[in-house]
Amino acid sequence: RETLAPWPAGTLTPCTDHCSESRGEDPELTARLTVPFVRGLQHHPASDSILLTSAMLKDFVVYNVESSQPVGGYDWQYRLSYNAVVSNADLRQTFLPAFEAGVVEGRVRSMMTSYHALNGVPTSASPVIQSELRERLGWEGMMMSDGGAISYMLTLCNANPPLNLSLCENLTTAAAAAINAGTDINSGGYGDSRYRKINPPHRIVKNMSGYAYEFLGDALDEGLVDLKRLRIAATRTLRLRFELRFR
């Protein structure tokens, strides 16, 4: 029982496709409303060690400045091509407070990354997952990518050539970058495995495999990820399953 809610990112533009899930643009108000939402979903009357269902904060992070407009002449969603550039102060004062409240006060067990890039790095591979969530807040919950987001890292990097293309050379490097950053599960489902070593030119790429973590074996063989990192991801995922009693 995984609930893809709440959406604590807030809304800074009416163009975002998640307006209907938003609690407004005020970070403090959003934070105050996020905590009871998470507690209400997760609290099990029988025991604090059992989850009724798992709340999932999404989409991490700075997703609320995107729009659904085409970019670069392509009939493609802007959120798959957007690079959000924000200062550290703006990140902590505007975009993180509701996520922080969900972690510290709500004890949320899972989160979801987003499609776009943050300061030049796709969010599924962003160092902010480690620096802000894992280290500063001590969060040990399960981080899941948005649907196909790790595969879409290739789309994102090739739509913005200045981005770090070494992360997105192919699905193997994208999977390694995401798992190393702390994205434990790949939520996929687009295309198939024929694109095992896709290395596209600088253009938006469609119909690639959504199952990027199929290629973690290749990443392990190539020394891009180690078994310790895979075990950490598996532990976080299985711990959540046990808290849900595998429902």
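Refer to the structure printed above.
Residues numbered from 1 in each chain as written. Predicted model: local features only at pLDDT ≥ 70, side-chain atom pairs only at ≥ 80, totals over all residues. Heavy atoms only, no water.

Asker: Account for the overall build of the chain, naming residues and giving values.
Answerer: Within the chain, the secondary structure is distributed over eight helices and six strands. Shown N-terminal to C-terminal, the secondary structure of the chain runs as helices and strands in the order α-β-β-α-α-β-β-β-α-β-α-α-α-α. In the chain, which comprises 247 residues, the proportion classed as buried is 54%. Within the chain, residue pairs in contact and separated by at least 24 positions form 75% of the contacts whose partners lie at least 6 positions apart. (Helix = DSSP H or I, 4+ residues; strand = E, 2+ residues; numbered from the N terminus. Buried < 20%, exposed > 50% of the residue type's maximum accessible area, 1.4 Å probe, protein only. Contact = heavy atoms within 4.5 Å.)

Asker: Give me the lowdown on the packing of aromatic side chains, citing residues and values where you can.
Answerer: Taken as a whole and judged by the stated rule, the model has two aromatic pairs. Arranged with centres 5.2 Å apart and planes meeting at 85°, the rings of F60 and F99 form a pair that is edge-to-face. Of this pair, F60 sits in strand β1 (residues 56–60) while F99 sits in helix α3 (residues 97–104), placing them 39 residues apart in sequence. Classification of F60 by relative accessible area gives buried; the value is 1%. Among the residues examined, F99 registers a relative accessible area of 1% and is labelled buried. Between the aromatic rings of Y115 and Y152, the centroid separation amounts to 5.7 Å while the plane-to-plane angle is 75°, which identifies the pairing as edge-to-face. Note that Y115 is positioned in the loop between β3 (110–113) and β4 (117–118) and Y152 in helix α5 (residues 152–159), a separation of 37 residues in sequence. (Phe/Tyr/Trp six-rings, centres within 6.5 Å; stacked < 30°, edge-to-face > 60°.)

Asker: Explain the sheet that holds strand β6 (residues 142–144) to me, using residue names and the numbers behind them.
Answerer: Read across the open sheet, the three strands follow the order β1-β3-β6; overall the sheet is parallel. The sheet is open, and its two edges are formed by β1 and β6, each paired on a single side. Across the sheet, the axes of successive neighbouring strands diverge by a mean angle of 25°, strand direction being ignored. Examined bridge by bridge, β1 and β3 share three bridges and lie parallel to one another. The partner of F60 across the bridge, within β3, is T113. (Pairing = 2+ DSSP bridges. Axes fitted to C-alpha atoms, helices over the stretch in contact; angles between N-to-C directions.)

Asker: How would you explain the pattern of salt bridges if you had to name every residue and give the values?
Answerer: Counted under the stated rule, the structure contains 11 salt bridges. For the salt bridge of R32 with E105, the shortest nitrogen-to-oxygen distance reads 2.8 Å. Placement of R32 in helix α1 (residues 27–42) and of E105 in the loop between α3 and β3 is noted, with a sequence separation of 73 residues between them. Among the residues examined, R32 registers a relative accessible area of 37% and is labelled partly exposed. For R236, the salt bridge goes to E140, with nearest N and O atoms at 3.4 Å. (Salt bridge = Lys/Arg side-chain N within 4 Å of Asp/Glu carboxyl O.)

Asker: Please provide a residue-by-residue account of the nonpolar core, values included.
Answerer: If you look at the biggest cluster of nonpolar residues, it comprises 25 residues, and the most contacted ones within it are I150, M153, I179 and Y213. Residue assignment for this core shows that the elements contributing at least two residues are α5, α6 (171–181) and α7 (216–221). Once residues within four sequence positions are removed from consideration, M153 is found in contact with P122, S124, A125, L167, C168, A174 and A177. By size, the runner-up hydrophobic cluster in this structure holds 24 residues, among which are V62, L91, F95 and L118. (Core = buried A, V, L, I, M, F, W, Y, C linked by side-chain atoms within 4.5 Å.)

Asker: An account of a nonpolar patch on the surface is requested, with residue identities and associated values reported.
Answerer: Nonpolar side chains collect at one region of the surface, where L238, F242 and F246 lie side by side and expose about 340 Å² of accessible area between them. The residue L238 is located in helix α8 (residues 227–243) in this model. You can call L238 partly exposed: its relative accessible area is 44%. (Patch = residues over 30% accessible without salt bridge, like charges linked within 9 Å, V, L, I, M, F, W, Y side chains within 5 Å. Areas by Shrake-Rupley, 256 points an atom, 1.4 Å probe, with all protein chains shown as cover.)

Asker: Tell me what's going on with the sheet that holds strand β2 (residues 83–84), and back it up with residues and numbers.
Answerer: Read from one edge to the other, the open sheet built from three strands follows the order β2-β4-β5, with strand pairing classed as mixed. Bordering the open sheet on either side are β2 and β5 (121–122), each of which pairs with just one other strand. Bridge analysis of β2 against β4 gives two bridges, and the strand direction is parallel. Among the inter-strand pairings, N83 is bridged to a residue of β4, identified as A117.

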